Each structure stands twice: as C-alpha cells, then as structure tokens.
Amino acid sequence: MKKSSIVLFTLLLLGSCTLFGPNPEYSQGMTEKKFLRQNKEAVLSGLDGGIVTYRVVRDNKFYVLATFEKGVLVKLEERELAPAWMPNQPQMPIQNNNNNNNIPLDK
C-alpha cells in the first residue's frame, strides 16, 4: 500500500508539472493568428508567395524570425543584432604604398 501511494504521488507530481508548467511561447504548427495575438510587436519581415516571415525583437541583443507557410509556423530562428556601438565613425583613407607616392620626411 505504501509503495503504491508513493508511485501515485510521484505520478501526480510529474503530471502537475506538465499541466501547470510554463506555456511555450512558440511551437511548431501554431497558427499565424495565434502568433500575432501573442506578439503584438511583430513586424512583417518578408513575403514570398505563400511564405510569410515576421520579426520579433526579444531584447536589445536578439530577435526572432518566425516563418509561416499556409498560416502555420514551419521555421523559427533566433538571431543576434549587429552591434551599433560605433555609429558615424569617419573612414580612414586608404594609403597607397607605392614607391612613387612616398614623400621624403627631410626636405
């Protein structure tokens, strides 16, 4: 009796983890409508025939690309944003190292 109650308790405990656990944010086969309801900040990133791609920025470093085919999620990619820590930097001119263009320093 004691062993069966322990087994029953363990099964109930494990079952409650799946029932009341975290709901996955994205799942393969979810509808486009459900995705857009959950992600109001989603932006259309690409259209190609029956394939639609949405972009969702997760934080300041990563974004997600969700690809739908016929209204069903078929591909999910997480990518890193390009760093923007040095915007508007002047570019250095390319120096030519030919002997004809060398200017002597002691003139």
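Everything that follows concerns the structure shown earlier in this document.
Anyway, here's the lowdown on the structure attached to this text.

Reading guide: rules and limits
- Residues numbered from 1 in each chain as written.
- Predicted model: local features only at pLDDT ≥ 70, side-chain atom pairs only at ≥ 80, totals over all residues.
- Heavy atoms only, no water.
- Salt bridge = Lys/Arg side-chain N within 4 Å of Asp/Glu carboxyl O.
- Helix = DSSP H or I, 4+ residues; strand = E, 2+ residues; numbered from the N terminus.
- Buried < 20%, exposed > 50% of the residue type's maximum accessible area, 1.4 Å probe, protein only.
- Pairing = 2+ DSSP bridges.
- Axes fitted to C-alpha atoms, helices over the stretch in contact; angles between N-to-C directions.
- Core = buried A, V, L, I, M, F, W, Y, C linked by side-chain atoms within 4.5 Å.
- Contact = heavy atoms within 4.5 Å.
- Phe/Tyr/Trp six-rings, centres within 6.5 Å; stacked < 30°, edge-to-face > 60°.
- Lys NZ or Arg CZ within 6 Å of the ring centre and 35° of its normal.

1. A short note on the pattern of salt bridges
For side chains of opposite charge, pairing can occur when their charged atoms come near one another.
Link 1 in the chain: Per the counting criterion, the structure on display carries 4 salt bridges.
Link 2 in the chain: Here Glu80 makes a salt bridge to Lys61, at a shortest N to O gap of 3.7 Å. Within this pair, whereas Glu80 is found in strand 4 (residues 72-80), its partner Lys61 is found in the loop between strand 2 (51-57) and strand 3 (62-69), the two being separated by 19 residues in sequence.
Link 3 in the chain: A relative accessible area of 42% means that Lys61 is categorised as partly exposed.
Link 4 in the chain: When the shortest N-O distance is used, the salt bridge between Lys75 and Glu77 registers 3.5 Å.
Link 5 in the chain: On the basis of relative accessible area, Lys75 is assigned to the partly exposed category, the value being 45%.
Link 6 in the chain: If you follow the salt bridges from partner to partner, you end up with Lys75, Glu77 and Arg79 in one network.

2. As for the sheet that holds strand 2
Link 1 in the chain: If you trace the 4 strands from one edge of the open sheet to the other, you get 1-2-3-4, paired in antiparallel fashion. On the outer flanks of this sheet lie strand 1 (43-48) and strand 4, each paired with one strand and no other. When strand polarity is set aside, the average angle formed by the axes of neighbouring strands in this sheet is 20 degrees.
Link 2 in the chain: Both strand 1 and strand 2 contribute to a ladder of 5 bridges, which runs antiparallel. Looking across to strand 2, one finds that Gly46 is bridged to Thr53.

3. Overview of the pairing of strand 2
Link 1 in the chain: Between strand 1 and the antiparallel strand that follows it, strand 2, lie 2 residues; Gly49 among them carries a positive phi value of about 65 degrees.
Link 2 in the chain: Of the strand pairs in this sheet, strand 2 and strand 3 are connected by 7 bridges, and their pairing is antiparallel. Residue pairing in the sheet places Thr53 in a bridge with Thr67 of strand 3.
Link 3 in the chain: Connecting strand 2 to the next strand, strand 3, in antiparallel fashion are 4 residues.

4. Brief notes about the nonpolar core
Link 1 in the chain: Tyr26, Met30, Phe35, Ala42, Val52, Tyr54, Val56, Ala66, Phe68 and Leu73 together form the largest nonpolar core, which totals 10 residues.
Link 2 in the chain: Within the residue set of this core, elements represented by two or more residues are strand 2 and strand 3.
Link 3 in the chain: In this structure, Phe68 is in contact with Met30, Thr31, Glu32, Phe35, Gly50, Ile51, Val52, Tyr54, Leu73 and Val74, ignoring residues within four places of it in sequence.

5. Some points on the packing of aromatic side chains
Link 1 in the chain: Summed over all chains, the structure comprises 3 aromatic pairs.
Link 2 in the chain: Among the aromatic residues, ring-to-ring pairing joins Phe35, Tyr54 and Phe68 into one connected group.
Link 3 in the chain: Above the plane of the ring of Tyr63 lies Arg55, whose end atom (NZ or CZ) is 3.9 Å from the centre.

Remember, this is a structural readout, not a statement about activity or role.
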